Every structure is written in structure tokens, then in C-alpha cells.
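What follows is each chain in one-letter form.
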Amino acid sequence: MARQEERAAYLFLLPWLFGLFAFLLGPIIASVLLSMTNWNLITTPRWVGLSNYHQMLFDDYEFWQAIRVTLKYIVLSVPLYLVAGLAVSLLLNLKLRGMNVFRTILYLPSVLSAVAVAVLWLTLLNPDLGAVNQILRSVGIANPPGWLNDPGWAVPSVVLMGLWGVGGGAIIYLAGLQNIGPHLYEAAAIDGAGAWKRFLHVTIPMLTPTLFFNLITGLIGAFQVFDVAYILGGPHGGTSDALLFYLLYLWNVGFSEGRFGYASALAWLLVILAAIVIVITFRTADRWVYYETDPTKG
Amino acid sequence: MQTSTTAQPTRLPRAIRGVNIYRWRRRGGVVLAYVTLLALCAVILLPLGWMFRAALTPDDVSVFTIPPEWFPTQYWYWDNFTRALSNPLQPFGLYMLNTLVIAVGNIVGTVFSCSLAAYAFARLRFRGSEILFNVLIITMLIPWQVLMIPQFLLFQRIGWYGTFWPLIVPSFTGNAFFIFLIRQYMRTFPRDLDEAARVDGAGYWRIFRSIVLPLSVPALTVAVVFTFLGQWNNLLGPLIYLNDNSQFTVAIGLANFVTTAGTQWNLLMAANLITMIPCIVIYFFAQKQLIGGIASVGLKG
């Protein structure tokens, strides 16, 4: 009977196991090897060792531009989205009439296609005619920013546009907020803590696991910006490469220029970079993330 | 949340809530909260209204009005939608059909493979189950960027470049995240369920097919909704594998439209709205599953 069960289990797992080898493990090994070759599909692959990595670090202006754009985006967007998401979730957690309608509306942008949202904001942020600059002019700002056309404003524009979808993060905080036991607020209130103190000493500590989750997913997502950059700046990175996000550069090197070896090396460098940032973030976790007695979490 | 406060001392009920509504109300805090919420909703809805208005504007009128108009009042050129759908150069109707084929393929593949694997992990005992489950978790951490190029080379080699296959077939081998999600759900059913069925002589396939699978519909719904949205909104995959206008998806169509539209903003906005509509419809029908699914994921973090 046990053997029968075992055989059944492996049969059930068969599709997944096949994919594991064919679409995951195989390609990963291939990717490592590819990153040490020069190959454009037409000629035979040529082994070059680590020189792809050497080239990108010391002799590739666009690589560094892509790093700059991506890091600038991360520094601007990740903290902003964390705070804004938290603020919106606190608002959505109030027990007010009609709150379901507000929640529905605020969450809506995060289900919409990033491409479609970017197309919409491309028109709204049009420097001359767009609605945003018209509003700014009407409140007395004579020279509003050129947004996506202005290399200095391009990344901040993407960040501000992303605020439109901040309700998506807020929903996760909201679940975290609603998981905080009322007895904690009760105890704090008995001890004489006012609303602000309860927020600071109950809500925030109890919410740190959710904050941590949103921080990690936010970081991972920020390293992978593609759709928005492709629409807002075009396939090649926009005015003076101001929107040359890392993944966009990788896509260009691989699929426009056909330099598959170099693109594989770029992919691995992105992974290493992201891994370093994420490991550092995890290292800081035990200093500020508070887990209630439940040891299964985290 | 808490409705019964009868057992508590008289002063407590005011203070125990996370946010003290009573004092807020006195201070006009409720008004402030409503004003803020309405302002936020306006920020979400006005751009959508602007898009709708722009989509209904005729060709000879600029979509950019001064000051901006947020709702359609003057023009109602519904024809723009049919034009956007059937434009021979950028046939959005066909793009939608293509995207639908890919999305449905992925939904079938995901439900099929993920529920099978989830069942094995959740309810069967076998040697190596722990190791394999750990492998599953680790694969969630594998960044797909490094897989992108070797997978492309693989599919290109077997002649699938320029077809839907590379965009559909991988879903039939499961997705670690959905396997995990469904497995967590399947673990909540009582063990006696399978054992009773075993005693009655049902095989594992039968138990899976007629007991476990029907009970798992809520978790499967989450997987279906997320798969649909993910595929409908996917730009990078189709961009890599599709090279012919007749195969393009809505995301590519839209991206190309932006660069070629010139001044046809009204048709671009019509196409944009068409792209958003399925997501909006699904959102309203599956709101509970969607938000519940996201929230449960967040809490597991």
C-alpha cells in the first residue's frame, strides 16, 4: 500500500518534475555556461571565460547607466511606496460607512495592465498638453517639469506614476492591520496610551512583518522594472538613456542585438546585485522585525 | 469587528478600538478622513474618466483640452472602439483573441499541473517528499531573468519561436508559487476524507478527482484569476517569442501603437480602455478571492 502511494505521488508530481529539469535546472546551467561565451546564434559559441563580466564592469557605459537608473529608482520608490502604502492602509482600516467602495476603487489600478497604465500616464504627463502640467500651470507653476522628456525628471516621473498603484501594497498592510489582536490595543488603552502612542507602540511593531514582506517584494520588483520603462521611454531607454532600466538593457543586448552570452552575464550580475541587497535587508531584519510568539512565521 | 461589548466596564468600549472613532468624530476627524479618501478616489478615477472621454473624441478634435475635461460630455464617438478593434494595421480584436488563447492555455496548464503536484505534497506520503518540497520553495527564489535567454534558445532550437507554444507549454509543468498556495489549502481538509474513500476502494486519482479537487475550488480560483491577469498584462514574454503582427497580444499591440499612433490619441485611448476592461470585469467578479489571495500571501511573509 505504501509503495502504491509512493508511485502515485511521483506520478502526480511528474509534470512538475519534468519542468524542473527542462525549464529550470537545465536552463540555469546553460545560463552560467552561456555567460562565459560570445554567441549570437549564427557563429559557433566562443569560450571567453569571465571576460564578459570584466567588460561590463570596466568597459560598458550603458551597463553603468542601467545600474544608475535602476538604483535611483530603487532609492526613490521603495521607501516612498512603503510609507504611502502604510498611510493609505491606515485610512482604509477606519471603520467608516462606505469603506468597501473606497477599498475597491483604491485597489483597482493594481489589477490593470502596467502597459495600459503607462500609456495613460504617458498622455497625462505630456509636457505641453498633458493634464498634469495644465493643473500645475493653473495653480501658478509657470514652468512645470518636462517629466519623461526631461532626463532629470524621467525616473521621478516613473516613481510618481507608481504611486497611482499604491493601493495594491495597502491591501497587504490592511490584512496585517486586521490581524493585530484587539487585546493589545485594549491593554495599551488601559495603560493610558493615547491614539498616537498606540500607533507607535502597538500598530507599528505588530506590522513590522508585513512591512518587511512589502520591503522585500518591493525591492525584488524594483530590480525588474521593464513594462513601464518600455512604454514610457521606448525600447531603447528614452531621452539620454534616462529610462534605461537594467532589464530593458538586458533585453536589448539579448534580443535586439543577439549577444546572448553577454546578456546572460548581465542577467547573472543582476541576480548577484539583487541578492546582495536582499541578503543585507534580511540581515537587518532581526533588529527591527518583530514576530509574535508564533515561530512558524518568517 | 467586535460587536458585543456588554461584558466590559463602561469606560472601555470607547478606547479599545484601534482607532478611536468617538474622539475622532468630535474633532471632525471623520470629515477629514472622508475628504482624504474622496481625494484619493478622485486621483484614481479622474485619469480613467479622462481616458474614456479621450477615447470618445472624434478625429478632428484634439483629445487635449484646456482645461482638461475628465468626463465625456460633448462627444460620444463609440465608433472609435470598433475602429480600434478592427484597424487592419493594428487589429486589437485579433490581439485580444490571441491573448485570450494564451491566457486560457496558461489557466488550463496551471490548474492541471499545480493541483496535481499540490495534491501529492499535501496528502500523499512518499520518500523524498520533504526534499522535493524544499526544492519547490527554492525554485520560487530562482530569478526568471537568468532563465529568459536559455529558455529562448531552447524553444528557438525546437522550432517554437514565433508560435504560442513557448508562452503556454511551461505552464503545464507547474508554477511553484501556485503549487504552494494550493497545497496549503489542500492540507486543511481532514485526513479521514481520504481514508474513508480508500476504505471504499477509491484509487488516488479518484480521490483527487472527485474529492480533493472540488473542495479546492477557492484556491484554484485564486490561481486562475492571477494567471489570467498575469498573462493578459504580460509584455516581455510575447515580445521575446512572437514576431508576426497576426500573433501579437494586446500588450505588444499597445506598445507598438504608442510609437506608431502619431496623433491618433483617441484611438490609442480606445485601445487602452479595451485592454483594461477584462481586468476591471474580472476584478469586480473576483474581488474577494483576489484580495484574499494577496492578503494571505502577505501574511505568510
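Structure shown above.
Residues numbered from 1 in each chain as written. Chains lettered and ligands numbered in written order. Predicted model: local features only at pLDDT ≥ 70, side-chain atom pairs only at ≥ 80, totals over all residues.

S.K.: Help me understand the overall build of chain A in this model?
M.R.: Counting its regular elements, chain A contains 13 helices and two strands. Dimensions of chain A, computed from the C-alpha atoms along their principal axes, are close to 80 × 75 × 35 Å. Among the 298 residues that make up chain A, the fraction classed as buried is 41%. Taking all contacts inside chain A whose residues are at least 6 apart in sequence as the whole, residues at least 24 apart take part in 66%. (Helix = DSSP H or I, 4+ residues; strand = E, 2+ residues; numbered from the N terminus. Buried ≥ 20, exposed ≤ 12 C-beta atoms within 10 Å, placed from the backbone. Contact = placed C-beta atoms within 7 Å.)

S.K.: I tried to follow the overall build of chain B on my own but got confused; where do I start?
M.R.: Within chain B, the secondary structure is distributed over 16 helices and zero strands. When burial is assessed residue by residue, chain B has 40% of its 301 residues classed as buried. The contacts of chain B with a sequence gap of at least 6 include a subset with a gap of at least 24, amounting to 72%.

S.K.: Whenever I open this one, the interface of chain B and chain A confuses me. Can you help?
M.R.: Note: interface size is frequently given as the accessible area lost on complex formation between the parts. At the junction of the two partners, chain B supplies 76 residues and chain A supplies 79 residues. Counting residues per element, the side of chain B that touches chain A draws most heavily on helix α3 (residues 29-55) of chain B, which supplies eleven residues. Residue composition of the side of chain B that touches chain A, by class: 56 nonpolar, 17 polar and three charged. (Nonpolar A, V, L, I, M, F, W, Y, C, P; charged D, E, K, R; others polar.)

S.K.: Just to check I follow, could you spell out the nonpolar core for this structure?
M.R.: As a rule of thumb, soluble globular proteins bury nonpolar side chains together. Formed by 162 residues in total, the largest nonpolar core has its most connected members in Phe245 of chain A together with Ile179, Ile182 and Ala223 of chain B. If one sorts the elements of this core by residue count, helix α5 (residues 92-123) of chain B sits on top with 15 residues. Excluding residues within four positions of it along the chain, Ile182 of chain B makes contact with Cys114, Ser115, Ala118, Ser216, Ala219, Leu220 and Ala223 of chain B. (Core = buried A, V, L, I, M, F, W, Y, C linked by C-beta atoms within 7 Å.)

S.K.: Teacher, can you tell me more about the packing of helix α2 (residues 51-58) of chain A against helix α13 (residues 260-288) of chain A here?
M.R.: Packed helices, taken two at a time, are described by the angle their axes make and the gap between the axes. Residue and element names in this part refer to chain A. Orientation of α2 relative to α13, taken along the N-to-C sense of each, is 70°, at an axis distance of 9 Å. It follows from the interaxial angle that α2 and α13 lie roughly perpendicular. Between α2 and α13 lies a crossing of right-handed hand. For the pair formed by α2 and α13, the contact residues are Asn52, Tyr53 and Met56 on the first element and Gly261, Tyr262, Ala265, Leu266 and Leu269 on the second. Of the residues assigned to the contact of α2 with α13, the class counts are six nonpolar, two polar and no charged. (Axes fitted to C-alpha atoms, helices over the stretch in contact; angles between N-to-C directions. Parallel < 35°, antiparallel > 145°, perpendicular 65-115°, else oblique. Left-handed = near helix turned anticlockwise from the far one by under 90°.)

S.K.: Help me understand unusual backbone geometry in this model?
M.R.: Most peptide bonds adopt trans geometry, and most residues besides glycine take a negative phi value. That bond from Ile66 of chain B to Pro67 of chain B is cis: its omega, -5°, falls within 30 degrees of zero. By the element assignment, Pro67 of chain B lies in the loop between α3 and α4 (79-86). For Trp147 of chain A, which is not glycine, the phi dihedral falls at a positive 45°. Inspection of the secondary structure puts Trp147 of chain A in the loop between α6 (131-138) and α7 (151-163). Positive phi, close to 55°, is recorded for Asp241 of chain A, a residue that is not glycine.

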